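Read off the chains here:
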Amino acid sequence: MLLHKINEVRTQVKEWKKQGLTVGLVPTMGALHNGHLSLIKKAVEKCDRVVVSVFVNPIQFCPGEDLDKYPRTLEADNKMCEDAGVSIVFAPTPTEMYGQNQMRTNDFLTYVIPPFFYVNKLCGKSRVGHFDGVCTVVNKLFNIVNPDYAFFGEKDAQQLIIIQKMVQDLNIDVEIIPCPIVREESGLALSSRNKYLSDDDKIQALALSKILNNIKNCYDKGITDVKALKETAFQFLNEHHELEYLEFCDSETLEEKQTADSKTRVFIACKVGGVRLIDNILL
Ligand code: AMP
């Protein structure tokens, strides 16, 4: 069932709750691929009813980012969800979510602001305000859908950690279920933004997963010095790559590491053909 209105979703979920059914939420920005599908399948398995939100959230895009050209494929998304056993695809308009004027500036909207320690690194450094937009919309979706479980991909590991922190700090009554990264056979992590990549770019994009796998191999062989591990990346980079960051952080607290251990997650962001790609691996 494709719904566009907040009230319609609320009414349906209330009905389910009355019947004692559990509800799962999978928040997405659409252009669904097998990465999203893995979250959806997990949700369908675990919950009596599943809501997938499809919303390209304007307030999490920074000026100059790809808000206008972000792929929108609602019809195909809805079909994929229906086939997977999803009960509701919730696809609100920006006006339905934020009213007429609220999203132009944060002067007019109540925001959920995650802690500085969690956002002044990795993607938060270049995407200023991005995680404010993410936490605000996810909080709104939690309030609209009132899910028992919500499913998030480790593909966006910083986002997942920040949302877990928000849920804990604000006592939100939902269990967050992390889901592993789904990759192409080549190793490339699936992403809606892969649609922007040319065939050549796609080959160059393999550098990200190669760098991460190589670091994991070196770590498994006993190298734990982060400086030395970082240096192994350069053999995979050329003029097609614009490396934004390669960082080693604690997988729960996002604290930066000088020495790697089994709780360390390695995060990479790199532009290929002008497309910003991210990936990560747990050591
Ligand atoms: P997005 O539509 O990009 O906002 O992603 C919606 C959800 O799907 C987020 O929780 C992402 O982490 C997750 N996701 C996106 N790509 C993948 C992937 N390749 N593997 C696992 N989860 C993913």
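Note that the structure is predicted; figures quoted are calculated from it, not measured.

Topic: the sheet that holds strand E8 (residues 264-272)
Taken in spatial order, the three strands line up as E7-E8-E9 in an open sheet, and their pairing is antiparallel. Edge strands, defined here as strands with exactly one partner in the open sheet, are strand E7 (241-250) and strand E9 (275-282). On average, each strand axis in the sheet is inclined to that of its neighbour by 15°, with strand direction left out of account. Inspection of the sheet shows E7 paired to E8 by nine bridges, in the antiparallel sense.

A closer look at the packing of helix H7 (residues 130-145) against helix H8 (residues 157-169)
Following both chains from N to C, one finds H7 and H8 inclined at 55°, their axes separated by 11 Å at the closest point. By the angle between their axes, H7 is oblique relative to H8. Helix-helix and strand crossings are classified by hand; for H7 and H8 the assignment is right-handed. Across from Phe131, Val134, Cys135, Val138, Asn139 and Phe142 in H7, the residues of H8 making contact are Gln158, Gln159, Ile162, Ile163, Met166 and Val167. Along the lines of polarity and charge, the residues of the contact of H7 with H8 split into nine nonpolar, three polar and no charged.

Brief notes about the domain arrangement of the protein chain
According to the domain assignment, the protein chain consists of domain 1 (2-179) and domain 2 (192-278). If you look at the interface, domain 1 gives 23 residues, while domain 2 gives 18 residues. The junction of domain 1 with domain 2 conceals about 1,800 Å² of combined surface from both sides, 57% of it contributed by carbon and sulfur atoms. Connecting domain 1 to domain 2 are three salt bridges. A salt bridge links Lys121 to Glu256; the nearest nitrogen and oxygen atoms lie 3.7 Å apart. For the pair domain 1 and domain 2, the interface holds eight residue pairs in polar contact (both at pLDDT 80 or more).

Cut-offs used in this document
- Just so you know, the residues in each chain are numbered from 1, in the order the chain's sequence is written.
- Per-residue local features of the predicted model are confined to residues with pLDDT of at least 70, and side-chain atom pairs are confined, for both listing and counting, to 80 or more; whole-chain, interface and lining totals are unaffected and use all residues.
- Side-chain metrics in this entry use all non-hydrogen atoms of the structure; hydrogen atoms and water are not considered.
- Strands were regarded as paired on the criterion that DSSP finds at least two bridges between them.
- A run of H or I in DSSP becomes a helix once it reaches four residues, and a run of E becomes a strand once it reaches two; helices and strands are each numbered from the N terminus.
- Angles shown run from 0 to 180 degrees and are taken between the N-to-C directions of axes, each axis being a line fitted to C-alpha atoms and, for helices, limited to the stretch in contact.
- Any angle that is under 35 degrees is reported as roughly parallel, and any over 145 degrees as roughly antiparallel; angles of 65 to 115 degrees are reported as roughly perpendicular and all others as oblique.
- Crossings are classed by handedness, with left-handed meaning an anticlockwise turn of the near helix from the far one by less than a right angle and right-handed meaning a clockwise turn.
- Residues count as neighbours in contact if any of their non-hydrogen atoms are within 4.5 Å of one another.
- Here the nonpolar group is Ala, Val, Leu, Ile, Met, Phe, Trp, Tyr, Cys and Pro; Asp, Glu, Lys and Arg are the charged ones; every other residue, Gly included, is treated as polar.
- Domain boundaries shown here were taken from an automatic or database domain assignment.
- Summed over both partners, buried area is the accessible surface (1.4 Å probe) that two parts give up on being assembled.
- Here, a salt bridge means any side-chain nitrogen of Lys or Arg that lies within 4 Å of a carboxyl oxygen of Asp or Glu.
- Here a polar contact is recorded for every N or O atom pair within 3.5 Å, except that within protein the pair must consist of a potential hydrogen donor and a potential acceptor, and residues adjacent in sequence are included only if both atoms are side-chain atoms.

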